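# Architecture at a glance
Listed below are the residues making up each chain.
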Amino acid sequence: MRAMVKTSFVACLSLFVFLGACKKDAPASSTAPASPTAARRAPIPPPPVVPPSAGGPAPAELTALLTEDKVSHFAIYQKEMLAATADATGLGLAAYQKGGTDSKKFQNAVATDDRAAKVAAVSKAALEKSGLTQDEVSKLSRAATPYYARLYAMQDALKKAGEVHARIEAAKAKGKEPGVVDTAMDKVYSEQSNRIETMRKDFAAKYGEDALAVVKKHEPEFMVINEKMMAAAMGGMMRKP
């Protein structure tokens, strides 16, 4: 289950952005304002999909946001959104159970769930505290979230790599042959480390070396955010709808 939650980070953060934007996208009324129930039942678009990094340079509007100032404020937004992670996870799972891959049914399930309003309220407060706009959060999520999510997913492997390497060195120090499993895993984890460096090079090719320097600087901060988010998300998966 832990692995499944890890792979859901990007989708979960997209759901945050989507729910936070619902009020902005709601149509204006020429008569009386809609009731809270009607507002929840109003059709809303599906959550945005944050695509994985692709080849070629990124749009200038994304690269321009990958500055120390904006990424620092994005971290503030993400920390504030931790309070909504469990609700967002439960909401997403419940909507999927009701709508599956049917986009319209999924939208309706989200629109009629009371948790949508809770997540939107947290997002509104997070935007105010971070000083970012909804558009900036959407674009930063598109650019930075896949990077941090993939890096976090590989952190466990890197930690285990250190443990395996330590056992190998301890065996050698005692004049013993390292275990076959440890030797094999040491090679696997070494390849994982190489994949992280490749990921960073790809990010630099897409967004520029300056942007890479910024996101690398904030890696420890976002690893903590993602760890807390995963714990909250697992809690949300365990809750009854």
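See the structure shown above.
Everything numeric in this text was worked out from a predicted model, so none of it was measured.

Reading the values: rules and limits
Residues numbered from 1 in each chain as written. Predicted model: local features only at pLDDT ≥ 70, side-chain atom pairs only at ≥ 80, totals over all residues. Heavy atoms only, no water. Helix = DSSP H or I, 4+ residues; strand = E, 2+ residues; numbered from the N terminus. Buried < 20%, exposed > 50% of the residue type's maximum accessible area, 1.4 Å probe, protein only. Areas by Shrake-Rupley, 256 points an atom, 1.4 Å probe, with all protein chains shown as cover. Phe/Tyr/Trp six-rings, centres within 6.5 Å; stacked < 30°, edge-to-face > 60°. Salt bridge = Lys/Arg side-chain N within 4 Å of Asp/Glu carboxyl O. Polar contact = N/O pair within 3.5 Å; in protein donor to acceptor, adjacent residues only side chain to side chain. Contact = heavy atoms within 4.5 Å. Axes fitted to C-alpha atoms, helices over the stretch in contact; angles between N-to-C directions. Parallel < 35°, antiparallel > 145°, perpendicular 65-115°, else oblique. Left-handed = near helix turned anticlockwise from the far one by under 90°. Nonpolar A, V, L, I, M, F, W, Y, C, P; charged D, E, K, R; others polar. Core = buried A, V, L, I, M, F, W, Y, C linked by side-chain atoms within 4.5 Å. Expected span 1.5 Å × (residues − 1).

What follows deals with the overall build of the protein. Of regular secondary structure, the protein possesses 13 helices and zero strands. Its helices and strands taken in sequence order, the protein reads α-α-α-α-α-α-α-α-α-α-α-α-α from the N to the C terminus. Within the protein, buried positions represent 41% of all 241 residues. Total accessible area on the protein stands at roughly 13200 Å², and carbon and sulfur atoms take up 59% of it.

Summed over the entire model, instances satisfying the criterion amount to six aromatic pairs. Both rings, one in Phe74 and one in Tyr77, keep their centres 6.5 Å apart while their planes meet at 10°; by these two values the pair is stacked. Of this pair, Phe74 and Tyr77 both sit in helix H6 (residues 68-81), three residues apart, roughly one helical turn. Between Tyr147 and Phe203 the ring centres are 4.9 Å apart and the planes differ by 55°, which places this aromatic pair in the tilted class.

The next thing to look at is the pattern of salt bridges. Taken as a whole and judged by the stated rule, the model has 10 salt bridges. Lys124 is the salt-bridge partner of Glu128, the closest N and O atoms lying 2.9 Å from each other. On the criterion of helical spacing, the pair formed by Glu128 and Lys124 is a turn pair, its members being four residues apart in helix H9 (residues 114-130). Residue classification places Lys124 among the partly exposed positions, given a relative accessible area of 46%. Among the salt bridges present, the one from Glu219 reaches Arg200, with a minimum N-O distance of 2.8 Å.

Mapped onto the fold, His218 is located in the loop between helix H12 (209-217) and helix H13 (219-238). What makes His218 buried here is its relative accessible area of 6%. Here Glu221 takes part through its side chain, which lies 3.0 Å from a polar atom of the side chain of His218. For His218, the residues in contact, after removing those within four places along its chain, are Glu68, Val71, Ser72 and Tyr148.

Along helix H8 (residues 103-111), the residues that are buried comprise Phe106, Gln107, Ala109, Val110 and Ala111. Capping the start of H8 is the job of one residue whose side-chain oxygen sits 3.1 Å from the backbone nitrogen of Lys104: Asp102.

In this fold, Val122 is placed in helix H9. Taking the C-alpha atoms as reference, Val122 lies 7.3 Å from Ala83; in sequence the two are 39 residues apart.

Quick look at the packing of H6 against H9 now. Put simply, H6 and H9 touch, their axes get as near as 8 Å, and they point 150° apart. With respect to each other, H6 and H9 are oriented roughly antiparallel. In terms of crossing hand, the pair formed by H6 and H9 is right-handed. In this structure, H6 contributes His73, Ile76, Tyr77, Glu80 and Met81 to the contact, and H9 contributes Val119, Val122, Ser123, Ala126, Leu127, Lys129 and Ser130. A breakdown of the residues in the contact of H6 with H9 according to their chemical character gives seven nonpolar, three polar and two charged.

A few words now on the nonpolar core. In terms of nonpolar packing, the biggest core is built from 39 residues, with Leu66, Phe74, Tyr147, Tyr148, Phe203, Tyr207 and Phe222 touching the most fellow members. Mapped onto this core, the elements with two or more residues apiece are H6, H9, helix H10 (134-173), helix H11 (180-207), H12 and H13. Top contributing element to this core by residue count: H10, with nine residues. Those residues in contact with Phe74 that sit more than four places away from it in its chain are Leu132, Val137, Leu140, Ser141, Ala144, Thr145 and Phe222.

So, on to helix H7 (residues 85-99). Counted at 1.5 Å a residue, the expected span for H7 with its 15 residues is 21 Å, and the 21 Å between its end C-alpha atoms agrees. The buried fraction of H7 is high, at 11 of 15 residues.

In this section: the environment of Ile168. Note that Ile168 resides in helix H10. Sequence spacing of Ile168 and Gly179 is 11 residues, and the spatial spacing of their C-alpha atoms is 7.5 Å. For Ile168, the residues in contact, after removing those within four places along its chain, are Pro178, Asp182, Thr183 and Asp186.

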